[in-house]
Amino acid sequence: MSALAAKRHIGALPDLSPILARSVTVLGSTGSIGVSTLSVIAHAREIYGADALPVEALTAGSNVDVLIEQARAIRPKLAVIADETQLARLKDGLAGTGIEAGAGRVAVIDAAARPSDTVMVAIMGAAAIEPALAAIARGVTVALANKECVVAAGGVFRAAIEASGASVLPVDSEHNAVFQVLGGGDASEVERVTLTASGGPFREWTLEQMRVATPKQAVAHPNWSMGAKISVDSASLMNKGLELIEAHFLFAVPPEKLAVLVHPQSIVHCLVTYGDGSTLAHLSAPDMRTPIAYALAWPRRIASPSRQLDLAAAGQLTFQAPDHDRFRCLGLALDSMGKGGLAPTVLNAANEIAVDAYLNERIGFLDIPLVVEETLNAAERANAQAQTLDGVLAADARARSQAGEICARLA
Ligand code: NAD
Ligand code: MG
């Protein structure tokens, strides 16, 4: 954008300075959502000035070189790498910058606990549970991209949010869309919340084709560019199953009011239907920088580098019911949501292990639902157990080891 256009842009907006002064911590900055978050922040600094959205901390799993590069560009006060063996390299890479360096699982949790106005939770998997809870405990705004933590520990999250008064803003595109459509209002008058699913790369594949699908084919998503794990979840439709459970916890919508519609163009992200026959939808180009920008600026709006929606170019928007026979993960997720207790915790842990085994070519694509189902059956007693943090972490660990054994048997 030219300087003049930028000026006009700023001139047209009411005072955004309180929003732009918010400090941000990004957990999982080197992943797909993390990189998109930093691009939204960099764009805001270009448009609104170099002081916009100061960064308190960045954390990453093991990709130390990308973390160093990001820290040098975005200038956080602290950079943390979960993999402790990389601390020396991180310190070296940050020498002379004045940026503090830290390492280890606890350092990631401590980074979330440091004072900042917004915490973006973009760590993959149940590893995000404790850092996300540390941010929630501060009662600040938590932009939640990670869905596994709400699936695994929804009851614990709900209690923690109530206790601290934190504002948890969903970043997952469908949930961000529902949040926007509800206008922050409650969902009690809602008749149905429908999440759309692209259907993934195997939408039209036969079971025979899926049986021999390679990880490379599974992560080649038609509309979204995402981390490997969520890409496989999108191909198996487990992603949509996890998202139904996520919606159940975030919006307190009962399972019977939740629905899924396959929409291959990924332009309509949700439909919210009321008893009077009205259905409200949220549309945008499939670009995660839109929900990320919304979460960073909520309840206002800032400019983002997202692709703009072009409906004429999109041409047709189509919808179809999901095929539960070919995509069994969806039904498994629905069952575990119905059972409640620790069943979703077990579902999520088993799926994380199965997807990892699939990505490492130890099991086939259609083994993923088998591993999840067998782990759920073995953990039948978990269903009746109420959620506490210790109970969730123990059930998660147990399910991981059980699922690992099942994968080893199938390999
Ligand atoms: P990714 O694999 O690309 O990135 C994950 C990030 O977490 C990386 O920075 C990695 O270093 C870090 N990380 C991984 N394990 C860690 C650990 N044990 N401790 C600390 N850090 C760790 O994943 P992604 O696609 O960016 O997805 C992140 C989360 O957002 C997932 O929960 C996913 O379901 C959710 N999400 C992603 C998208 C998307 O478009 N990518 C959309 C909706 C929701
Ligand atoms: Mg989603």
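Here's what I pulled together on the structure shown here. Remember, predicted model here, so these are calculated numbers, not experimental data.

### A word on the layout of surface pockets
Item 1. Of the volumes computed, that of the second largest pocket is approximately 460 Å³.
Item 2. Around the second largest pocket sit 23 residues that line it, and Ile 161, Val 168, Phe 179, Leu 250 and Phe 251 are the ones nearest its centre.
Item 3. Among the elements of the structure, α8 (148-164), β7 (167-170), α9 (173-182) and α13 (238-251) are those that each provide at least two residues to the lining of the second largest pocket.
Item 4. Of all the elements, α8 adds the most residues to the lining of the second largest pocket, at six residues.
Item 5. Across the lining of the second largest pocket, the residue classes break down as 16 nonpolar, four polar and three charged.
Item 6. Both domains that meet at the lining of the second largest pocket, namely domain 1 (3-171) and domain 2 (173-222 + 230-283 + 306-322), each give it at least three residues.

### Let's talk about the nonpolar core
Item 1. Core analysis: the largest hydrophobic core is formed by 133 residues, its most contacted members being Ile 302 and Phe 365.
Item 2. The greatest single-element share of this core, amounting to eight residues, is contributed by helix α17 (residues 343-359).
Item 3. Not counting residues up to four positions away in its chain, the partners in contact with Ile 302 are Leu 16, Ile 19, Leu 20, Val 40, Tyr 48, Leu 53, Ala 293 and Ala 297.

### Side note on the side chain of Thr 196
Item 1. Along the chain, Thr 196 falls in strand β8 (residues 190-197).
Item 2. The exposure class of Thr 196 is buried, given its relative accessible area of 5%.
Item 3. A polar atom in the side chain of Thr 196 sits 3.3 Å from the backbone oxygen of His 269.
Item 4. Residue contacts for Thr 196: discarding those within four places in its chain leaves Glu 174, Lys 240, Leu 261, His 263, Val 268, His 269 and Cys 270.

### A few points about the sheet that holds strand β1 (residues 24-27)
Two pairing modes exist for strands in a sheet, parallel and antiparallel, and in both the strands are linked by backbone hydrogen bonds.
Item 1. If you walk across this open sheet you meet the seven strands as β4-β3-β2-β1-β5-β6-β7, and the pairing is parallel. Either end of the sheet is taken by a strand with one partner, and the two such strands are β4 (100-103) and β7. On average, each strand axis in the sheet is tilted by 15 degrees relative to the strand beside it, whichever way the strands run.
Item 2. Alignment of strand β5 (residues 118-121) against strand β6 (residues 141-144), held across four bridges, turns out to be parallel.

Rules behind the numbers
Residues numbered from 1 in each chain as written. Chains lettered and ligands numbered in written order. Predicted model: local features only at pLDDT ≥ 70, side-chain atom pairs only at ≥ 80, totals over all residues. Heavy atoms only, no water. 1 Å grid on protein atoms, 1.4 Å probe; cavity = no way out; pocket = protein on both sides within 12 Å on 5 of 7 lines; lining within 4 Å. Points joined across faces, edges and corners; volume = space filled by probe spheres on them. Helix = DSSP H or I, 4+ residues; strand = E, 2+ residues; numbered from the N terminus. Nonpolar A, V, L, I, M, F, W, Y, C, P; charged D, E, K, R; others polar. Domains from an automatic or database assignment. Core = buried A, V, L, I, M, F, W, Y, C linked by side-chain atoms within 4.5 Å. Buried < 20%, exposed > 50% of the residue type's maximum accessible area, 1.4 Å probe, protein only. Contact = heavy atoms within 4.5 Å. Polar contact = N/O pair within 3.5 Å; in protein donor to acceptor, adjacent residues only side chain to side chain. Pairing = 2+ DSSP bridges. Axes fitted to C-alpha atoms, helices over the stretch in contact; angles between N-to-C directions.

These figures come from the coordinates and say nothing about function on their own.
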